[in-house]
Structure formats: structure tokens, C-alpha cells
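Structural description and commentary
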Amino acid sequence: MGKATKFSMPKIVNTRDRLVDSARYLFWERGFAGTSMADLLTHAGVNSGSFYHFFESKEALLRAVLEGYIQGLRPMVVDPAFARTDEPVERIFAILAGYRERILQTDCKYGCPLGRLALEIHPENRPAHKLIAKNFQGWIGAVRECVEQIKHRLPKNTDPDALSTYVLAVMEGGVMLSRYYGSVETFDRSVRQLHEHFRLLSKARRGRAKGH
């Protein structure tokens, strides 16, 4: 998601929603460990009593943020991308184009909010990692819908789950490298190679068909 501004951020009057929204933004900008309780309270404009009325800990707030990502995946990421085109492969790349827009909006500084949390959150924090995994599975599932629609174009031994997971790996890796290099070009190169991968898969299926 893009950097919050007074023009793009919806008006939030509920204290709990303000805390979740502030945490989502600050965890993305600074990371979970880099965001202090004072940062959260100041950004949300609430006091500690209000915080602990809704959340028992910073980790509980993190889980609320991750649950929000799950709920927002379709309406905020998938549906807008799918609305751009009816062609299945182009829908996949429309999702990726949305991430490219966010890279540019943040000057390559923030990366993928989920990817950042996945790398940062301690492995022993299983509740958080389960929610992160659920987010990723939802993302993979959206891509898999498109892959299923083009199975007739792909080699018969193509594993839809593996291919959809590969798309996620390309996206996350491309976003991460763009952040480290400070340039969207690394993301673009990754996406171009993914385009080539789909082209070669389709070509292999056509070649085998001709062989028969």
C-alpha cells in the first residue's frame, strides 16, 4: 500500500482502528522492532490506557495487523488487478504491477510489508508466522486461480501450486532487491524473466503438441 496521506487515508474515528492503522504503517516503515510503543501511541493519537483496553501487548496488535492484511488481500490487491484485464496471465502480471507502483510510491524504501515482517519476526512467534503464512497462501491462491485457467497452455506436468509459489518468490525477491539497491530496475528484471518463463512454458506445450 502507498504511503498514507491526508488525501488517501480513510477517516478513522474508532480508537482500535486508529491503532491498527498506525501499526500497519509504522511496522511497514520502521519494522516491528523499530517501532516503539511511544511511536504507536503518538501516531495513533491515543494514550496507553486506551491501547491496553484493546490490546494486551504489541504482539497482539501485530496479529491484528496481519489479520487485516488477510481481509484486505482481495479488495485491495487482487480485485483491482483482476479488474484491469480478463486474460489470466496478464492478471498475474497486473498484481505484480501493483507492487511496482508501491515501490515507486515509497522511493524503493519500504518493500513488501508482509515480507519485511516475515523476515523480522522471531521464528518462535508462531501465532504471527501462522498469520503471515495464511497471507502468503491467500496470495498464492489468487495466482493459482489464473494458472488453473491456462493449464491447457502449460506442459502437462506443470504443478500449479509450485508455479504460483514461484510467482510469489519472484515478487518478494524483486521487491526486496529493489529496496536494497534503491532502484525498481531489479524488480523489473525479475518480472521480465518471469514473463519469459511463462512464454517458454507455453512454447514447450505447443512444441509437444506439434510433436504428436
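First, a word on what this report is: a plain description of the structure on this page. Here the structure is a predicted model, which is why all the values come from computation and not from measurement.

Cut-offs applied
Residues numbered from 1 in each chain as written. Predicted model: local features only at pLDDT ≥ 70, side-chain atom pairs only at ≥ 80, totals over all residues. Heavy atoms only, no water. 1 Å grid on protein atoms, 1.4 Å probe; cavity = no way out; pocket = protein on both sides within 12 Å on 5 of 7 lines; lining within 4 Å. Points joined across faces, edges and corners; volume = space filled by probe spheres on them. Helix = DSSP H or I, 4+ residues; strand = E, 2+ residues; numbered from the N terminus. Nonpolar A, V, L, I, M, F, W, Y, C, P; charged D, E, K, R; others polar. Contact = heavy atoms within 4.5 Å. Salt bridge = Lys/Arg side-chain N within 4 Å of Asp/Glu carboxyl O. Buried < 20%, exposed > 50% of the residue type's maximum accessible area, 1.4 Å probe, protein only.

**What about the layout of surface pockets?**
For the second largest pocket, the calculated volume is near 190 Å³. The wall of the second largest pocket is formed by 13 residues, among which Gly115, Arg116, Leu119, Glu172 and Met176 lie closest to the centre. Where the lining of the second largest pocket is concerned, the elements lending two or more residues are α6 (113–120) and α8 (160–181). Here the lining of the second largest pocket is composed, by residue class, of 7 nonpolar, 3 polar and 3 charged.

**Focus: the environment of Met37**
Relative to the assigned elements, Met37 resides in helix α2 (residues 37–44). Note: C-alpha distance between Met37 and Phe51 (14 residues apart in sequence) is 9.4 Å. Contacts of Met37, omitting those with residues within four sequence positions, involve Phe51, Tyr52 and Lys58.

**So, the pattern of salt bridges**
Evaluation of the coordinates by the stated rule reveals 16 salt bridges. Arg84 is the salt-bridge partner of Glu101, the closest N and O atoms lying 3.1 Å from each other. Here Glu101 is found in helix α5 (residues 88–105), whereas its partner Arg84 is found in the loop between α4 (58–82) and α5, with 17 residues between them in sequence. Overall, Glu101 belongs to the partly exposed group, its relative accessible area being 38%. The salt bridge involving Arg100 is made with Asp188; its shortest N-O contact spans 2.7 Å.

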